[in-house]
There are 2 protein chains.
Amino acid sequence: MEKTEIPDIVVGRLPIYLRALSRMTLEGARVTSSHELGKKLGISSAQIRKDLSHFGEFGKQGTGYHIEFLIGKLREILKVNHEWEVALVGVGDLGRALAHYASFGDRGFRISLIFDSDPAKVGTKLNNFEIYDSARAGDLIKERGVTLAMIAVPAEHAQKVADELVKAGVRGILNYAPINLVVPEGVKVQYIDPVVHLQRMTFYV
Amino acid sequence: MEKTEIPDIVVGRLPIYLRALSRMTLEGARVTSSHELGKKLGISSAQIRKDLSHFGEFGKQGTGYHIEFLIGKLREILKVNHEWEVALVGVGDLGRALAHYASFGDRGFRISLIFDSDPAKVGTKLNNFEIYDSARAGDLIKERGVTLAMIAVPAEHAQKVADELVKAGVRGILNYAPINLVVPEGVKVQYIDPVVHLQRMTFYV
């Protein structure tokens, strides 16, 4: 499978499928269909079948998908069949909430390297992990080989932090700062900004 | 301007433009070009001009855009030229971080109606607003005419909460619970789930 062949929008739907399927197993289901899954997600069954067909044959006409099997396949495709270490830079209210967020663990991620530039926070513990001085982020990230990071610092510091992370080897950044980041080719950035989502809705409301 | 004529993906980029332009004014800029804006955002200048052309003529060939003027226009288009009241259901770590998030205020939103079902939290204050019992959400939302809400409750309660919100008149939901919601036609839902974003990156890393 050549990664470049898979449209980014298809890749973006896989985590949604994985999440819905995991939810189904929690509710006791063992088998599902593209029709049932589509109904839960507001996506057509044809779209789901087409998306999955990029990666192989996962279901059978008539019997549908074995949920556990499909979950395993999706985890493999998304490479979350093992746990990723994630660095977090910025321990404000949001950073704190992220560090405590229980849903990372069973979905492939662990925030295990935490940084802040506030001397009052450095050296204290958050969710059992020591908070390190942001000045050490580059060295520690390189040393630990961490490739994923979350940025939860004020907008005016975010680009500088991103530059340091990328230099240290980070290849995927989840950016909570309300600012677009400029990163080199090959580094992925995803953005979370509640205001952007709200403004997208007020246009229609 | 017929709203149905504007592609949803264009609407989705407007808040990003607005955010970048607001950032530019903070940095002292008064005029910009689609080229400069595009470079900051990793979007082509042609795309930006095309997106904006859906709504009118905002710049001049050669002189570019007056940033304050364009900000005003975008605020008008997105209807954030006035402040929206937002209800928040669920005061865990995340809900608390949202209530304290400073960036809502100057971007058109105020979390002013807060709910939780935990008796220990009900009646206490969060960011100067009283936390009400979730059982009263429907009545209070209707009474106040609130049309936007954020859901930050555990996944297993999110659909029920959404049903109540919609029944009370909510037309836009920002859902932080890691589950897809089923809502009637005409109600918008936007999702924020950090794991979905992380998994989208691990595919490539």
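Calculation criteria
Numbering of residues starts from 1 in each chain and follows the order in which that chain's sequence is written. Going through the entries in the order they are written, you letter the chains from A and number the ligands from 1. Owing to the predicted nature of the model, reporting of local features is limited to residues with pLDDT of at least 70; listing and counting of side-chain atom pairs is limited to 80 or more, with chain, interface and lining totals taken over all residues. Hydrogens are left out, water is left out, and the side-chain values use all remaining heavy atoms of the structure. Here, strands pair whenever DSSP counts at least two bridges between them. Elements are defined by DSSP. Helices are runs of H or I of four residues or more, strands are runs of E of two residues or more, and each kind is numbered from the N terminus. Residues are treated as being in contact if the distance between any of their heavy atoms lies within 4.5 Å. The axes are straight lines fitted to the C-alpha atoms, using for helices just the contacting stretch, and the angles between their N-to-C directions are given from 0 to 180°. The rule is simple: take the accessible area with a 1.4 Å probe, protein chains only, and divide by the maximum for that residue type; under 20% is buried, over 50% is exposed, in between is partly exposed. Pairs of N or O atoms are called polar contacts if they sit within 3.5 Å, as long as, within protein, a hydrogen donor faces a hydrogen acceptor (for residues adjacent in sequence, only side-chain-to-side-chain pairs). Buried area, as used here, totals the accessible surface that two parts lose on assembly, with accessibility defined by a 1.4 Å probe and the loss added over both. Salt bridge, as applied in this entry: a Lys or Arg side-chain nitrogen positioned within 4 Å of an Asp or Glu carboxyl oxygen. Least squares is used to superpose the copies, and the fit set is the C-alpha atoms of residues whose pLDDT is at least 70 in both copies. Handedness of a crossover is defined as follows: with both strands directed away from the viewer, a clockwise route from the first strand across the helix to the second makes it right-handed. Each Phe, Tyr or Trp ring (for Trp, its six-membered ring) is paired with any other whose centre lies within 6.5 Å, and the angle between the two planes then decides the class: stacked below 30 degrees, edge-to-face above 60, tilted in between. Here, a charge over a ring is recorded when the distance from Lys NZ or Arg CZ to the ring centre is within 6 Å and its angle to the ring normal is within 35 degrees.

### A look at the sheet that holds strand E10 (residues 188-191) of chain B
Residue and element names in this part refer to chain B. As summarised here, the arrangement of the 7 strands in space is E6-E7-E5-E4-E8-E9-E10, forming an open sheet in which the pairing is mixed. If you trace the sheet from one side to the other, it starts and ends with strand E6 (125-126) and E10, each paired once. Direction of pairing for E6 relative to strand E7 (residues 129-133): antiparallel, over a ladder of 2 bridges. In the strand pairing of E7, Leu126 is matched with Phe129. Lying over the sheet, helix H6 (residues 137-144) contacts strand E4 (84-89), strand E5 (109-116) and E7, oriented at roughly 155° with respect to E5.

### Quick word on the environment of B:Tyr204
On the secondary structure map, B:Tyr204 appears in the segment after helix H8 (194-202). By relative accessible area, B:Tyr204 is classed as partly exposed at 24%. With near-sequence residues (within four places) excluded, B:Tyr204 lies in contact with A:Asp8, A:Val11, A:Lys79 and A:Lys188. Within the local environment of B:Tyr204, its side chain forms a polar contact with the side chain of A:Asp8, the two groups lying 2.5 Å apart.

### Considering the interface of chain B and chain A
Taken residue by residue, the interface counts 62 residues in chain B and 62 residues in chain A. Approximately 6100 Å² of surface area, both sides summed, lies buried where chain B meets chain A, with 66% of it carried by carbon and sulfur atoms. Our count for the chain B to chain A interface comes out at 6 salt bridges. When the shortest N-O distance is used, the salt bridge between B:Arg19 and A:Asp193 registers 2.8 Å. The tally of links between chain B and chain A comes to 22 residue pairs in polar contact (both at pLDDT 80 or more).

### Notes on the relation of the copies chain B and chain A
Rotating chain B by 180° and moving it 0.0 Å along the rotation axis overlays it on chain A with an RMSD of 0.0 Å. Both copies are brought into coincidence by an operation consistent with a two-fold rotation axis. Interface overlap between copies is the fraction of interface residues in one copy that are interface residues in the other; for chain B against chain A it reaches 100%, indicating a shared surface.

### A look at the pairing of strand E8 (residues 148-151) of chain A
Residues and elements named next belong to chain A. Because side chains alternate across E8, one face comprises the buried residues Leu148 and Met150, and the other comprises Ala149 and Ile151, equally buried. Where strand E4 (residues 84-89) and E8 come together, 4 bridges link them in parallel fashion. Bridge pairing in E8 places Ala87 opposite Ala149. The pairing of E8 with strand E9 (residues 172-175) spans 4 bridges and is classified as parallel. Bridge assignment links Met150 to a residue of E9, and that residue is Leu174. For the handedness criterion, the β-α-β arrangement of E8, helix H7 (residues 155-167) and E9 is classed as right-handed.

### Observations regarding the packing of aromatic side chains
For the coordinates displayed, the defined rule picks out 8 aromatic pairs over all chains. Taking 6.4 Å as the distance between ring centres and 85° as the angle between the ring planes, the aromatic pair formed by A:Phe55 and B:Phe203 counts as edge-to-face. In this pair, A:Phe55 sits in the loop between helix H3 (45-53) and strand E2 (59-60) while B:Phe203 sits in the segment after H8, so the two residues belong to two different chains. Each of the two residues, A:Phe55 as well as B:Phe203, counts as buried. Pairing B:Tyr101 with B:Phe104 gives two aromatic rings, centres 4.9 Å apart and planes at 80°, and the pair type is edge-to-face. An aromatic cluster is built from A:Phe55, B:Phe203 and B:Tyr204, whose rings are joined through pairwise contacts. The residue whose ring lies beneath A:Lys188 is B:Tyr204, and the NZ or CZ to ring-centre distance is 3.9 Å.

Purely geometric numbers; function is a separate question.
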